[in-house]
Every structure is written in structure tokens, then in C-alpha cells.
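Geometric and topological summary
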2 protein chains.
Amino acid sequence: MSEESTHEHTEYTGSIDLKSDHDKQPKLAMGIDLGGTNIQAGVINEHGEVLGRAKLKTDADSGFDAVMDRVAAAARSACEDAGVPMSAIHTAGLGVPGPIDPDKGVVVEAVNLRWNDAPVVMALSDRLGVPVCADNDVNVAVYGEWRAGIGNETPNMLGVWVGTGVGGGLIINSKLYKGAHHSAGEIGHMILYPGAHLGSRSVEHNCSRTAIAHELIKLIRSNHPSMVTSLTDGKLHKIKSKVLAMAYEQGDDLTRTVIDDAADRLGIAIASAVTLLSLDTVVLGGGLVDAIGKPFVDIVRDSVRREVFPESLRNVSVEASVLGDDAGLVGAGLIAFEELWK
Amino acid sequence: MSEESTHEHTEYTGSIDLKSDHDKQPKLAMGIDLGGTNIQAGVINEHGEVLGRAKLKTDADSGFDAVMDRVAAAARSACEDAGVPMSAIHTAGLGVPGPIDPDKGVVVEAVNLRWNDAPVVMALSDRLGVPVCADNDVNVAVYGEWRAGIGNETPNMLGVWVGTGVGGGLIINSKLYKGAHHSAGEIGHMILYPGAHLGSRSVEHNCSRTAIAHELIKLIRSNHPSMVTSLTDGKLHKIKSKVLAMAYEQGDDLTRTVIDDAADRLGIAIASAVTLLSLDTVVLGGGLVDAIGKPFVDIVRDSVRREVFPESLRNVSVEASVLGDDAGLVGAGLIAFEELWK
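Residues numbered from 1 in each chain as written. Chains lettered and ligands numbered in written order. Predicted model: local features only at pLDDT ≥ 70, side-chain atom pairs only at ≥ 80, totals over all residues. Heavy atoms only, no water.

**Things to note about the overall build of chain A**
Keep this limit in mind: Only runs of H or I of at least four residues qualify as helices and only runs of E of at least two qualify as strands under DSSP, and these elements are numbered from the N terminus. Just to be clear, the radius of gyration here is over C-alpha atoms, and the globule rule we use is 2.2 Å times residues to the power 0.38. Whether a residue is buried, partly exposed or exposed follows from its accessible area with a 1.4 Å probe, protein chains only, as a fraction of its type maximum: under 20%, in between, or over 50%, in that order. Using a 1.4 Å probe, accessible areas were evaluated by the Shrake-Rupley method; residue-level cover was limited to the displayed protein chains.
Along chain A, the regular secondary structure elements total 11 helices and 13 strands. Taking 20 Å as the expected radius of gyration for a compact globule of 342 residues, we find that chain A reaches 20 Å, a close match to that expectation. Seen through its C-alpha atoms, chain A measures out along the principal axes to roughly 65 × 45 × 35 Å. Within chain A, buried positions represent 55% of all 342 residues. For chain A, the computed accessible surface area is about 14100 Å², with 47% contributed by carbon and sulfur atoms.

**Points about the sheet that holds strand β2 (residues 38–45) of chain B**
All names here are of chain B. Quick note on the threshold: Two strands qualify as a pair provided DSSP detects at least 2 bridges between them. For helices, the fitted axis covers only the stretch in contact; all axes are lines through C-alpha atoms, and the angles between them, taken along N-to-C directions, range from 0 to 180 degrees. Residue contacts follow a heavy-atom distance rule, with two residues in contact if any of their heavy atoms lie within 4.5 Å.
Read from one edge to the other, the open sheet built from five strands follows the order β3-β2-β1-β4-β8, with strand pairing classed as mixed. The strands lining the two open edges of the sheet, one partner per strand, are β3 (50–57) and β8 (132–136). The sheet shows a mean angle of 15° between the axes of neighbouring strands, direction not considered. Most of the contacts of helix α2 (residues 120–128) go to β8, to which it runs at about 140°, and overall it touches β1 (28–34), β4 (91–96) and β8. Of the strands in this sheet, β1, β4 and β8 touch helix α3 (residues 137–148), which is tilted by about 100° from β8.

**Structural notes on unusual backbone geometry**
Backbone geometry follows two general trends: most residues other than glycine have a negative phi, and most peptide bonds adopt the trans configuration. The omega torsion across F309(A) and P310(A) is -5°, close enough to zero to call that bond cis. With respect to the secondary-structure elements, P310(A) resides in the loop between α10 (294–307) and β13 (317–320). With a phi close to 65°, S174(B) is a non-glycine residue in the positive phi region. With respect to the helices and strands, the residue S174(B) is situated in the loop between β10 (166–172) and β11 (175–176).

**Details of the interface of chain A and chain B**
The condition is simple: A simple way to read buried area is as the amount of 1.4 Å-probe accessible surface that goes missing from two parts once joined, with both sides added. The salt bridge criterion pairs a side-chain nitrogen of Lys or Arg with a carboxyl oxygen of Asp or Glu, the two atoms within 4 Å. Polar contacts, as counted here, are pairs of nitrogen or oxygen atoms within 3.5 Å of one another; within protein the pair requires one atom able to donate a hydrogen and one able to accept it, and residues that are adjacent in sequence qualify only if both atoms are side-chain atoms.
Contacts between the two partners involve 37 residues from chain A, matched on the other side by 37 residues from chain B. The largest share of the area that chain A buries against chain B comes from Y177(A), P194(A) and L276(A), three residues that together contribute 21% of it. The residue E307(A) makes a salt bridge to R201(B) at a minimum N-O spacing of 3.0 Å. Here chain A is connected to chain B by 16 residue pairs in polar contact (both at pLDDT 80 or more). At six residues, the largest contribution of residues to the side of chain A that touches chain B is made by helix α8 (residues 253–277) of chain A.

**As for the state of the cysteines**
Using the following cut-off: Any cysteine sulfur atom paired with another within 2.5 Å is treated as part of a disulfide.
Overall, the coordinates contain zero disulfides over all chains when judged by the stated rule. As a non-bridged cysteine, C79(A) has C133(A) as the owner of its nearest cysteine sulfur, 16 Å distant.

**A closer look at the relation of the copies chain A and chain B**
In plain terms, the rule: Our superposition of the copies is a least-squares fit, built on the C-alpha atoms of residues whose pLDDT is at least 70 in both.
Between the two copies, chain A and chain B, the superposition gives an RMSD of 0.0 Å; the rotation angle is 180° and the shift along the axis is 0.0 Å. Classification of the inter-copy transformation places it as that of a two-fold axis. The position closest to the rotation axis in chain A is occupied by the C-alpha of Y193(A), lying 3.2 Å away. Most of the interface of chain A is mirrored in chain B, where 100% of its interface residues are also at the interface.

**Re α10(A)**
Residues and elements named next belong to chain A. Our working rule: A helix is expected to span 1.5 Å multiplied by its residue count minus one. To obtain the arc, one takes the directions from the helix axis to the C-beta atoms.
Helix length check: α10 (14 residues) gives 20 Å between terminal C-alpha atoms against 20 Å at 1.5 Å per residue, within 8%. Taken residue by residue, α10 has F296, V297, V300, R301, S303, V304 and E307 as its buried positions. Along the axis of α10, the buried residues cluster in a sector spanning 165°; they form a single face. Residues of α10 that are exposed and point over 90 degrees away from its buried face: K294 and D302. Here the buried face of α10 lies against α8, β12 (281–285), α9 (287–292) and β13.

**Looking at the pattern of salt bridges**
Residues and elements named next belong to chain B. If you walk through the whole model with that rule in mind, you get 28 salt bridges over all chains. The shortest N-O distance in the salt bridge between K27 and E46 comes to 3.3 Å. With K27 in the segment before β1 and E46 in the loop between β2 and β3, the pair connects residues that are 19 residues apart, well separated along the chain. Its relative accessible area of 23% is what places K27 among the partly exposed residues. Ionic pairing is found between R127 and D69, a salt bridge with its closest N-O pair at 2.8 Å. Residue R127 is found in helix α2, and its partner D69 is found in helix α1 (residues 64–82); the two are separated by 58 residues along the sequence. Residue classification places D69 among the partly exposed residues on the basis of a relative accessible area of 42%.

So yeah, pure geometry; function would need other evidence.
Written as C-alpha cells, this is what we have:
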């Protein structure tokens, strides 16, 4: 499944002198959110404002080089949209759907893209002619939300992104915290039910959109009625966040029961993280949260506040991302400023 | 239950110029571990070495002022033991069995001592004539173990202390991490069994010495044979760590089953923390760990490594404290250097 690359795994950043010519120009970065389905690029200023944007299909089947060509094309289109030349962009940040080795600038594994050890930093630096930094998609989204969204100013914040899986990112002492193996924030892989069988122990196994769809399908197949059957034309394997949100909004009992239960369980896991880290701010994002919104967030918040220790943490803020789908590209641009503009 | 104090809740630190006269003298701090039963004091140098020590009974019933008098007396005895005058000590650190409000220098609550809002920092500064800082007993022990014990050099570390309860402390980016409400590290209050009834949900409810004793008593009373009955002369409410360690060492089946199970559950909770924070180092301490030692630590380690994500964390180090009972006073002294010697 892995795609071999002929690129050397060396770091590219640092070979371009950022400041020499540009001190008087406005600071602009390119922020790029590379997903399994879409590439989103935006021209970002220091405040995290999006001055121009572009969206292209990822077309993961076309292979690493072709995908990276489209990433570069999206960046150029975003410049056009912003009315600035590519030469006005001094640095770029990239969010990718998988763990990063920051020393080598490679994506260790991106299942959606079928990449292993993909040298994204060098590939994009070559194409755009600017220094590039990369991090996983949830980290960049959480960073964006912290800097330019709901988390502004708080020194410590947990972000939890719920979609196909459950990912997370941590801001600690006003920095994105990576930990010993750059994998910090993996709340989806915390154990929620010790002793349960392997496929139902973790947070992700209980609270992701995948887990919710799986549970719904199981219940529908054992003759529980649900409008999800008609909303998907009986193709239950096609349950996406939008379908879930529609059924939820229209009051489908089965959907509400399953989703409310998942939200409550997610809150319990988040409460453990809040207790361990004494956090006052949690932000929720990702496809499922964006689709269902307030009812989901309300249940998570109630559950977190019920389970935290000590009592002083019961006023913990648990809110939905305000940047929504933009969190990734905004965060990628802001990380590029933070890491590369020195 | 609370003891009113007439002391004002103001901070004392900073009114003494530490460096003016002492630049050429060896740096010495007083480290004090104030427990519900004993007060331990030690003269500590910058490397965390104990140059002299003293131990006195706490006698919590005698009240706040009398206890603080004994804390000061223990400090003076430690100086005598080290062969240095009290005037050679420039700063003191105090570990207390309860949460601290660091701005006010008070112990918010210490159940063992029956204290609420007890102004320990000012009380001890007044008695010793040096600046004092205070933190909870587990934080100071974890800090001591990190600086002068097993954790040396690693930027991020979790310490888990198992005794009457289960406490924890976190080193993040080479600093003791406190979080929004100074309560970080409370791994004992993470939820281990969501949905279980209130007294059996948390890590502490499943893995503390109290929980182990409770489970043993329940089983013995339902006619499971155990040598714990004879070791305690039938006074089962008197099960302490030493009795558990004796029964464990002598191969008592019931004791082994219950303790091994608690160690395994503790490992699952620690694994969730290691996953969330991407940690490569965990240290275990406290009365139960000190008493049982290697077999307990081995089971915790196996459980942590089995449950962590991603795979790269499976080599996480999980070891027993090397400072043992000294971790608290060493850590208290080293925190005093860190916080007050500026």
C-alpha cells in the first residue's frame, strides 16, 4: 500500500532568508489543509485572517507527486483569490492526515492517502520556493482554533476533533505540545472501557462517527426503526455526518439515542483529560461536531462537568470550534509563522 | 472540622535578599515533607543530596500552630544533624498532604490534618526566618524524583504515587506542570469504569491501598481464605501496606490476585495518560509501591505497554522511585531552590 518516493528525507527549512527583503511588507503565509478528499489552501495574515482561498480535489489515487502538484496549484489559486503574487508569501504550513516526523519532514503514515514516509516538506518547498512546515491535521486545526478562534489567550487547551476517528491536540504553556514521540493529544486512543473486547475499548471505538454508524447499523439490522434507512436509500454503509445530522435534527429516536450516548462517553474521556491536566478550556471540532453542533456539544459539556475533579474544574469551558472547516488552513498558516518566521 | 487561623493570607517570599551575603557559601535549602503521621526534614544541597535529616511525629490533633512549631523543630534538628547552623539555610520548601493555593501560600484542605485554608507559608517563614514555598506532597515527591532520582534529564514525566489514595504529578517541558487550577496530575480521579457506581469508577477507587484493602476484606468476609486475617489478628480494618507486602511476599493467593488486578488496572489508566501526553517516562512511588516493589511495578509496566498508542510508546520506561521515602523532602528542597533562589 505504500508509495515509494525517490526524494531524500532531508529538511528543507532554513535555506531561505525570510527577513532580509521583507521586513516592511505585510507578513503573509500560505496555510494548507490536505485531507483525504479535498485540498484547502488559504493566504493567512498574522492575525489568522484568510485573505484568499482555494479548494481542489485531492484525488489520492493519482499518487504522491500529482497530489503535491495539486497542493501547489491550490496555493497559487489562493494567491490569485487574495490578489497577491506568490512572491508575497514567505512561508507555508501544511496539515496532513497522519503522524509527522518533524525532523525528517515526512508523513510517517497517511492511511487515507496511502502514503508511508512521504517527504511532504521538501516536495512542497520545491514547488513553492518557500520554507514549509508540516504537522498532523488535528494539531494544526487545534492550533488555529487556539490562536484565532475560541481558545485565544488561554495557556492550556485541549482540542478534540470528532469525525471518521477521534483526534486531539494539546496546547500546554501556550505552545502546541508534542511529547516524546510527537503523538500527544491522541485522546481517541485512551482506554474508555478496560476489559471490553479489542474493538470497543477506546474512545474512538465508542465516540467517532464510524463507531456511531456502526452501532446504528447494528440496531437497524436488528429491526429498530430509523429514518437513516430511507435517508441513505438503504445503503447503510454510506452513513456520513450529514445524514446523521439530518436524522438527529428531525428527531429520529434511534439516531438521537446513539449519538447522545456517544457524546456522553466522549465527555467522560475528556473529563479524565481535564482532571489530569487541570484544564479550563476544551474546544470540539471535526465533521461530526460541525454537522450536529449545539446538541452534541451540550451533552459533551454536561458529561465533562459531571465527571471532573476537583470541583473547581466544573466551570471548564467546552465549546464548538468557531473557525469550523477553516481551522486547519488557518492553523497551518499560523504554525508556519510561529515555526519558520524567525 | 476546619481550624481557623488568625494569620493573614499573604505571601511571605521575597522579603529576604537571598544572594547578597551568600554568593560564596554552598547553597543549602531545607526540604520538609509534612505528612499526616510524620514530619521529615532534610538539609538539601543543589544536587538533591541530603546532608542531614530529622523526623518528628506530626501529632495532627495538637492543632495548626503546634504542628508548625514541630515542623520548625524538625528543621532545626536536621541542621544539627548536618552540622550547619540554621543561618546557613537560605530557603525552605514544604510538601503538604493537600491542594495548595500558591498565590496565598495556604493549604486549601488537608483532610489528614483537619486543616482548611491553613497559611503554611507564612507560618513557616515566621518560624525559620527564610522564604518558604509549599506544594502538595505528591508534586514535591515527583519533582524530587525527576530532578535527583530516576527522571533526570527527561523533559516530560508522569509520577504516580500509590498509598491511601492515588496521586500524581506531571513534569512537562522540564517544569512541574500545575494547570488552570493547580490540580494537574490527579490521575487518581480519572474515570476508569464509566457507568460503574460512584464508589468504584475512579482510578483511586480501584487501585489505591484503601481500595485493595476494601476488596480483600470483602472477599475474606465471604469466606475466601487469606493469611491477612492472621497477619492483622483479625483486625481487618488495620490492613496497611506492610501487611499487604508480607502476605504478597509469602504467596498468599487472595492478596496476590487482588493486588495484581489493581496493578493491572492502574497500568491501564497510566497508559491512557501516556497516550494522551506521548510520555516516555513514568515513575511509581508511595507507600504501597515502596512496600511491594518489583512485582507491582512489573505488572503496571506490562499493562501500560500493552495498552498505549501508538506503538512507538511501547518502550515507555515505568520504574519505581529510587528515592523512596526521601522523594518528598528532596523534592521540597529542590523546589525551594528553583522557586525562591533567584
